[in-house]
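Each chain is listed here by its residues.
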Amino acid sequence: MATPAIYADLKRDHDKQRKMLKELAELKGDTAKRKKLFEAFRLEVQSHAAAEEESLYAEMLGNPELRDDARHSVAEHKEVDDLLGEMMDEDFASDEWESKFFHMRHRYEHHIDEEEEEMFPAAEKELDADTEERLADTYEERKPKELELAKANPPGGDERD
């Protein structure tokens, strides 16, 4: 059976993000290139997370069987967003930036692995095909709009605790 579109869309984004993280980790000495790739990564992650929260997570929050997973993931999005904001304030050539990058990478890769291995399968068991199709449509519609918002709103500006 084919993977429903919502999970395939999210997984495709995760794969792109993993590749960007790997490229960032391998960049040494070229601060301009690092800055440019980091900005592309942060826009990708911010737009992905917001669209994911507006589609899949919104649905999961309304389902008692899935609510805790959604809350956990939203909290992890906030944590990564805060880390991205901290990184933007550092010198991209500094040891501090490097240290924050490896911490953020570890946290984000843990988050997306957890989504793919635990959360998506749990959601797939609970949600019907029509709902999953509607969520994919919502995600695909929201992500480009969220990208525009991310360009205007750097991370760390969200005051949620």
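Residues numbered from 1 in each chain as written. Predicted model: local features only at pLDDT ≥ 70, side-chain atom pairs only at ≥ 80, totals over all residues. Heavy atoms only, no water.

A count of helical and extended segments in the protein chain gives five helices and zero strands. Its C-alpha atoms give the protein chain a radius of gyration of 16 Å, near enough to 15 Å, the size a compact globule of 161 residues would have. Projecting the C-alpha coordinates of the protein chain onto the three principal axes gives extents of approximately 50 × 35 × 25 Å. The proportion of buried residues among the 161 residues of the protein chain is 46%. Put simply, 80% of the contacts in the protein chain that link residues at least 6 apart link residues at least 24 apart. Surface exposure of the protein chain reaches about 8600 Å², of which carbon and sulfur atoms provide 49%. The distance from the centre of the 25 positive side-chain charges to the centre of the 47 negative ones in the protein chain is 5 Å. (Helix = DSSP H or I, 4+ residues; strand = E, 2+ residues; numbered from the N terminus. Rg over C-alpha atoms; globule rule 2.2 N^0.38 Å. Buried < 20%, exposed > 50% of the residue type's maximum accessible area, 1.4 Å probe, protein only. Contact = heavy atoms within 4.5 Å. Areas by Shrake-Rupley, 256 points an atom, 1.4 Å probe, with all protein chains shown as cover. Lys, Arg positive; Asp, Glu negative; His and termini not counted. Charge placed at Lys NZ, Arg CZ, Asp CG, Glu CD.)

All right, on to the nonpolar core then. In this structure, F41, L84, F101, M104 and Y108 are the most contacted members of the largest nonpolar core, which totals 19 residues. Top element by residues in this core is helix α4 (residues 95-126). It accounts for five residues. Contacts of M104, omitting those with residues within four sequence positions, involve L21, F41, V80, L83, L84 and M87. If you look at the next biggest cluster of nonpolar residues, it comprises 17 residues, including Y7, Y57, M119 and A123. (Core = buried A, V, L, I, M, F, W, Y, C linked by side-chain atoms within 4.5 Å.)

In the UniProt entry, the feature "domain: Hemerythrin-like" (unreviewed entry) is given for residues 6-123. Segment residues 6-123 splits into 87% helix and 0% strand. End C-alpha atoms: 11 Å apart. (UniProt positions renumbered as here; feature names shortened; annotations may be inferred.)

Applying the stated criterion across every chain yields a total of seven aromatic pairs. Seen from their ring centres, Y7 and F120 are 5.5 Å apart, and the 40 degrees between their planes marks the pair as tilted. Here F120 lies in helix α4 and Y7 lies in helix α1 (residues 5-26), a separation of 113 residues in the sequence. Accessibility classification places Y7 together with F120 in one group, the buried group. Pairing F101 with F102 gives two aromatic rings, centres 5.0 Å apart and planes at 75 degrees, and the pair type is edge-to-face. Look at F102 and you get partly exposed, because its relative accessible area is 35%. The structure contains a cluster of three or more aromatic residues connected by ring pairs, namely F38, F92, W97, F101 and F102. (Phe/Tyr/Trp six-rings, centres within 6.5 Å; stacked < 30°, edge-to-face > 60°.)

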